[in-house]
Amino acid sequence: MVQVPGAARRAAAFRRMRDARSSEVAEDYVELVGDLIAETGQARLTDLADCLGVAPATAAKVLQRLQRDGLVETRPYRSITLTEAGERMADASRDRHRIVHEFLLALGVTGETAEADAEGIEHHVSPETLRLFEALTERLRKAG
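The rules we used
- Residues numbered from 1 in each chain as written.
- Predicted model: local features only at pLDDT ≥ 70, side-chain atom pairs only at ≥ 80, totals over all residues.
- Heavy atoms only, no water.
- Helix = DSSP H or I, 4+ residues; strand = E, 2+ residues; numbered from the N terminus.
- Contact = heavy atoms within 4.5 Å.
- Core = buried A, V, L, I, M, F, W, Y, C linked by side-chain atoms within 4.5 Å.
- Buried < 20%, exposed > 50% of the residue type's maximum accessible area, 1.4 Å probe, protein only.
- UniProt positions renumbered as here; feature names shortened; annotations may be inferred.
- Axes fitted to C-alpha atoms, helices over the stretch in contact; angles between N-to-C directions.
- Parallel < 35°, antiparallel > 145°, perpendicular 65-115°, else oblique.
- Nonpolar A, V, L, I, M, F, W, Y, C, P; charged D, E, K, R; others polar.
- Phe/Tyr/Trp six-rings, centres within 6.5 Å; stacked < 30°, edge-to-face > 60°.

Draft legend 1. How the structure looks around the side chain of Glu 31. Its location among the elements puts Glu 31 in helix 1 (residues 7–40). In contact with Glu 31, other than residues within four places in its own chain, are Ala 90, Ser 93, Arg 94 and Glu 122.

Draft legend 2. Local environment of the nonpolar core. Residues Val 30, Leu 48, Leu 66, Val 72 and Ile 80 are the most contacted members of the largest nonpolar core, which totals 18 residues. Element by element, the count of residues in this core is highest for helix 1, at 6 residues. What Ile 80 contacts, discounting residues up to four positions off in sequence, is Val 33, Ile 37, Ala 43, Arg 44, Leu 45, Leu 48, Leu 63, Val 72, Glu 73 and Thr 74. Counting 9 residues, the second largest nonpolar core, distinct from the first, contains Phe 103, Ala 114, Ala 118 and Leu 130.

Draft legend 3. A look at the UniProt feature "domain: HTH dtxR-type" (unreviewed entry) in the chain. The feature "domain: HTH dtxR-type" (unreviewed entry), as given by UniProt, occupies residues 23–83 in the numbering adopted here. The distance separating the terminal C-alpha atoms of residues 23–83 is 17 Å; by composition the span is 64% helix and 7% strand.

Draft legend 4. Molecular detail of the packing of helix 2 (residues 45–52) against helix 3 (residues 56–68). Helix 3 packs onto helix 2 with a crossing angle of 110° between their chain directions and a minimal axis gap of 9 Å. The orientation of helix 2 relative to helix 3 falls into the category roughly perpendicular. Residues Leu 45, Leu 48 and Ala 49 of helix 2 pack against Pro 56, Ala 59, Ala 60 and Leu 63 of helix 3. A breakdown of the residues in the contact of helix 2 with helix 3 according to their chemical character gives 7 nonpolar, no polar and no charged.

Draft legend 5. Seen up close, the packing of aromatic side chains. Tallied over the entire structure, the rule returns 1 aromatic pair. With a centroid separation of 4.0 Å and 5° between ring planes, the pair formed by Phe 103 and Phe 133 is classed as stacked. Taken together, the residues span a long stretch of sequence, with Phe 103 in helix 4 (residues 84–107) and Phe 133 in helix 6 (residues 127–143) at a distance of 30 residues. Phe 103 sits in the buried class, given a relative accessible area of 9%. Relative accessible area serves as the criterion here: at 17%, Phe 133 is assigned to the buried category.

Written as structure tokens, this is what we have:
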């Protein structure tokens, strides 16, 4: 067997990326459920599907998984609600998004691009990098 330099490091990075991808959908859904409840007083399956650009059947399948994972509660003909775990996940996702978005704006990225980029980065950024983004944002604001 050939030893590839840095193979263990690469494997760990790819593993982290796969883990982030697997939680990305859950984070997007719970964050959107929380946002819809805050904005309209309720979160309905059709609203989720419309906002995410997916078929209602796709949204229903994801909601079943989220309910099984203890993140949302759904009942027939009722609004979708977040569990405590779902609320924590939504808050954490929203906070990561805010930090990344503010960092990108502080770098001079346009608002529209910062919003789009933050949506992807928020799911893959490590806690260490996130702390540094936040600290650098503060320094850039003070300097500018």
